[in-house]
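# Analysis of the macromolecular model
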Amino acid sequence: MEKLIFNFFLVIHVICGFLSLSSGLVAMIAQKGKRVHSISGSIFYWAMLGVFATTIIFFAIYPSQLKYQFFLTIGIISFYPNFSGKRLLRMKKAIVPTMVDWIAAWGVGICGIVMIGYSVYGFMNPSGFNGMAILFAIFGVVCLVNAYGDLKIYLGYQKPEKMHWFLGHGGKMMGAYSAALTAFFVNVVPRYMPINTPTFVFILTWVLPGVVVGVIASRILKKYKAKFAAKSVKPVLQV
């Protein structure tokens, strides 16, 4: 019965994964603010929520297995930018976090601390971790960076930048998409690798998609920042 339940939700997990990959790509390509972008973005959001929800179920079924403990933390870090990116659309005038925003931000921060803890334990007791200690460390830091970036604004230590809702939404959603892309690579690429492939190659399948999407995202957002800055400069009248 346990296996049957797992397989049922695994099918849903895979469907949501493919939906997030396809709809996320459409949302990125489509003209911003138009109907296609809005619809594909909504599909992406709910598909990522489905991925996260099924990840929680997998952990509930096999709570003692390290693999599903790791997947649960990855599910949190994958869904957080998706959630907070959507929330920014409701804070166009000013960033005024509600209770759910505070809980989410502190939650992803705590998740990062837990992952760092797992990493330290894994390096001290490497048996059974199979390189996962490195992944716990990398994604633990990513969790903490996400939490720090939002909490310093929520707490008033940093003022939001101009067009914060647009730039923040775009950056976070591309971050969420990198998580969906990473999941695809992690599940597909290793199937075609030789048996004696070094561990660091498998680690790269977890890291490279995020790095590539991150570079692309930073360049796109840089262009938008320059565009917004140019619009804000008023022409000087010559006498």
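Now for a look at the structure at hand. (Residues numbered from 1 in each chain as written. Predicted model: local features only at pLDDT ≥ 70, side-chain atom pairs only at ≥ 80, totals over all residues. Heavy atoms only, no water.)

For the protein chain, the count of helices and strands is 7 helices and 0 strands. Going residue by residue from the N terminus, the α and β elements of the protein chain occur as α-α-α-α-α-α-α. Relative to its length of 239 residues, the protein chain is compact, with a C-alpha radius of gyration of 20 Å against a globular reference of 18 Å. On the principal axes, the C-alpha backbone points of the protein chain span a range of 75 × 35 × 35 Å. Relative to its full complement of 239 residues, the protein chain shows a buried share of 39%. At a minimum sequence separation of 6, the contacts of the protein chain that also span at least 24 residues come to 75%. Of note, the protein chain has its 22 positive side-chain charges centred 14 Å away from the centre of its 4 negative side-chain charges. (Helix = DSSP H or I, 4+ residues; strand = E, 2+ residues; numbered from the N terminus. Rg over C-alpha atoms; globule rule 2.2 N^0.38 Å. Buried < 20%, exposed > 50% of the residue type's maximum accessible area, 1.4 Å probe, protein only. Contact = heavy atoms within 4.5 Å. Lys, Arg positive; Asp, Glu negative; His and termini not counted. Charge placed at Lys NZ, Arg CZ, Asp CG, Glu CD.)

Attention now moves to the packing of helix α3 (residues 66–88) against helix α5 (residues 132–154). The angle between the axes and the distance between the axes are what describe a pair of packed helices. At a closest axis distance of 11 Å, the pairing of α3 and α5 adopts a crossing angle of 25°. Relative to α5, the element α3 is oriented roughly parallel. The crossing of α3 and α5 is left-handed. Residue-level contacts link L66, K67, F70, T73, I74, I77, Y80 and S84 of α3 to M132, L135, F136, F139, V142, C143, N146 and D150 of α5. For the contact of α3 with α5, the residue count by class is 11 nonpolar, 3 polar and 2 charged. (Axes fitted to C-alpha atoms, helices over the stretch in contact; angles between N-to-C directions. Parallel < 35°, antiparallel > 145°, perpendicular 65-115°, else oblique. Left-handed = near helix turned anticlockwise from the far one by under 90°. Nonpolar A, V, L, I, M, F, W, Y, C, P; charged D, E, K, R; others polar.)

Position of F123 relative to the elements: it lies in helix α4 (residues 99–124). For the pair F123 and I134, spaced 11 residues apart in sequence, the C-alpha to C-alpha distance is 8.2 Å. Filtering out sequence-adjacent residues up to four positions away, F123 remains in contact with A133 and I134.

Glancing now at the environment of T205. Mapped onto the elements of the fold, T205 is located in helix α7 (residues 199–232). Looking at T205, the relative accessible area reads 9%, which means it is buried. Considered as a pair, T205 and V189 are 16 residues apart in the sequence and their alpha carbons are 7.5 Å apart. When neighbours within four sequence positions are excluded, T205 is seen to be in contact with T182, F185, V186, V189 and M193.

Turning our attention to the packing of aromatic side chains. Any pair of aromatic rings gets described here by the distance separating the centres and the angle formed by the planes. With the rule as written, the count across this model stands at 23 aromatic pairs. Both rings, one in F52 and one in F79, keep their centres 5.3 Å apart while their planes meet at 10°; by these two values the pair is stacked. Residue F52 is found in helix α2 (residues 35–61), and its partner F79 is found in helix α3; the two are separated by 27 residues along the sequence. For the cation-ring pair, K86 lies above Y45, with the distance from its terminal atom to the ring centre recorded as 5.1 Å. Over the ring of W165 we find K92, and its NZ or CZ is 4.4 Å from the ring centre. (Phe/Tyr/Trp six-rings, centres within 6.5 Å; stacked < 30°, edge-to-face > 60°. Lys NZ or Arg CZ within 6 Å of the ring centre and 35° of its normal.)

So, on to the pattern of salt bridges. Counted according to the given criterion, the structure contains 3 salt bridges. Across the salt bridge formed by D150 and K172, the nearest N and O atoms sit 2.9 Å from each other. Here the residue D150 occupies a position in helix α5, and K172 occupies one in helix α6 (residues 164–188), the gap between them amounting to 22 residues. For K172, a relative accessible area of 14% puts it in the buried group. One salt bridge connects K225 with E161, and the closest N-O pair in it is separated by 3.6 Å. Of this pair, K225 sits in helix α7 while E161 sits in the loop between α5 and α6, placing them 64 residues apart in sequence. The exposure class of K225 is partly exposed, given its relative accessible area of 41%. (Salt bridge = Lys/Arg side-chain N within 4 Å of Asp/Glu carboxyl O.)

Another point: the side chain of S23. Among the structural elements, S23 can be located in helix α1 (residues 2–29). Aside from chain neighbours lying at most four places away, what touches S23 is S40, I43 and F44.

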